[in-house]
Structure formats: C-alpha cells, structure tokens
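Chain by chain, the residues:
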Amino acid sequence: MICIPVVYDRKCSVNACRMARNVNQGSEQSKPRAMAMQPEAALLPWEDRAHEVLRVEMKRRKIGYKELSRLLEPFGIQESPGQLNRKVNRKRFSAAFLFACLSAMEVATIEVPNQLTPIKLKPGKWHS
C-alpha cells in the first residue's frame, strides 16, 4: 500500500479563475490579467519532481536500473535496464509507471510537496 499525503496548491486555479472572470466581464478596465500556462508547461516542474522522487528512492535503496528491471518483472513490466534509464531520464513516464517502480522497490510512503523545491541529496556518485 502506498500512502501519499497531498497538499492542494490553489495558486494555479486561482489565477485561472481570475483570468476567466476578467474575460467574462468583457470590460476594458486596466485590471491585471493572469496568464494561464499551457498544460505542458504547467506539468514540466512536476515531471521533474517525479523524476527526482524516483531517483532519490533508487539511491536510498542502492538500486540501479538493472536491479529495478528485475524488480519490475513480477509486476509484468518487461523493460531492459537501458530502456528504464532512457524512460526515467526523459522524465516523461506515467504515474502508473512511477507507482509500479515505487511498489517494486517497496516504498511505503512518499511526500508530495505543496511547493516545488529541489530535493536535497547527499553528495555522491549516482550509480545506474
């Protein structure tokens, strides 16, 4: 079982509501208008965070891509270490893939931040 404490960040939805309200009013007043981000651009920092979470958990458990490949086999995911390396480093994997990897590594909980701040790693070489 994976427990994920989620804190909802209202900043984006508040800006979207302000923008919609300004557009719906149709007035030419000099109100500041919030600019909505493109969905792809809005997700980029969260893709980076998912990448960081996966890499941090791999590092904590001293698991490389070869071992992760073996751990994913019972879940029905047949990917070579090279394929996993490319998928993780592209930062374009699904939440299902992230959960499968975390489950395979027996991660019980992860922290989902309400702000995007870098995860602090101890200095050291990353082993793949």
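Scroll up to find the structure this text is about.
What counts, and where the lines are drawn
Residues numbered from 1 in each chain as written. Predicted model: local features only at pLDDT ≥ 70, side-chain atom pairs only at ≥ 80, totals over all residues. Heavy atoms only, no water. Helix = DSSP H or I, 4+ residues; strand = E, 2+ residues; numbered from the N terminus. Contact = heavy atoms within 4.5 Å. Buried < 20%, exposed > 50% of the residue type's maximum accessible area, 1.4 Å probe, protein only. Polar contact = N/O pair within 3.5 Å; in protein donor to acceptor, adjacent residues only side chain to side chain. Salt bridge = Lys/Arg side-chain N within 4 Å of Asp/Glu carboxyl O.

Quick look at the side chain of Ser69
Step number 1: Among the structural elements, Ser69 can be located in helix H3 (residues 65-72).
Step number 2: Excluding anything up to four places from it in sequence, Ser69 contacts Glu79, Ser80, Pro81 and Leu84.

Digging into the environment of Arg61
Step number 1: Considering the arrangement of structural elements, one finds Arg61 in the loop between helix H2 (39-60) and H3.
Step number 2: A residue is classified by how much of its surface remains accessible, and Arg61, at 32% relative accessible area, is partly exposed.
Step number 3: Ignoring sequence-local partners within four residues, the contact set of Arg61 consists of Met105, Glu106 and Val107.
Step number 4: For Arg61, the side chain forms a polar contact with the side chain of Glu57, separated by 2.4 Å.

Details of the side chain of Glu79
Step number 1: With respect to the helices and strands, the residue Glu79 is situated in the loop between H3 and helix H4 (81-90).
Step number 2: Within the structure, the side chain of Glu79 is placed 2.7 Å from the side chain of Lys87, a separation counted as a polar contact.
Step number 3: Not counting the four nearest positions on each side in its chain, Glu79 is found in contact with Ser69, Leu84, Lys87 and Phe97.

What about the environment of Glu52?
Step number 1: Take Glu52: it is sitting in helix H2.
Step number 2: Remark: the alpha-carbon pair of Glu52 and Lys91, spanning 39 residues in sequence, is separated by 9.2 Å.

Here we look at the pattern of salt bridges
Step number 1: A full pass over the atoms with the stated rule returns 7 salt bridges.
Step number 2: The shortest N-O distance in the salt bridge between Glu52 and Arg49 comes to 3.4 Å. Residue Glu52 and its partner Arg49 are located together in helix H2, separated by 3 residues, close to a single helical turn.
Step number 3: The exposure class assigned to Glu52 is partly exposed, which follows from its relative accessible area of 28%.
Step number 4: Looking at Arg49, the relative accessible area reads 10%, which means it is buried.
Step number 5: Beyond isolated ion pairs, a larger network of salt bridges with shared partners links Glu57, Arg60 and Arg61.

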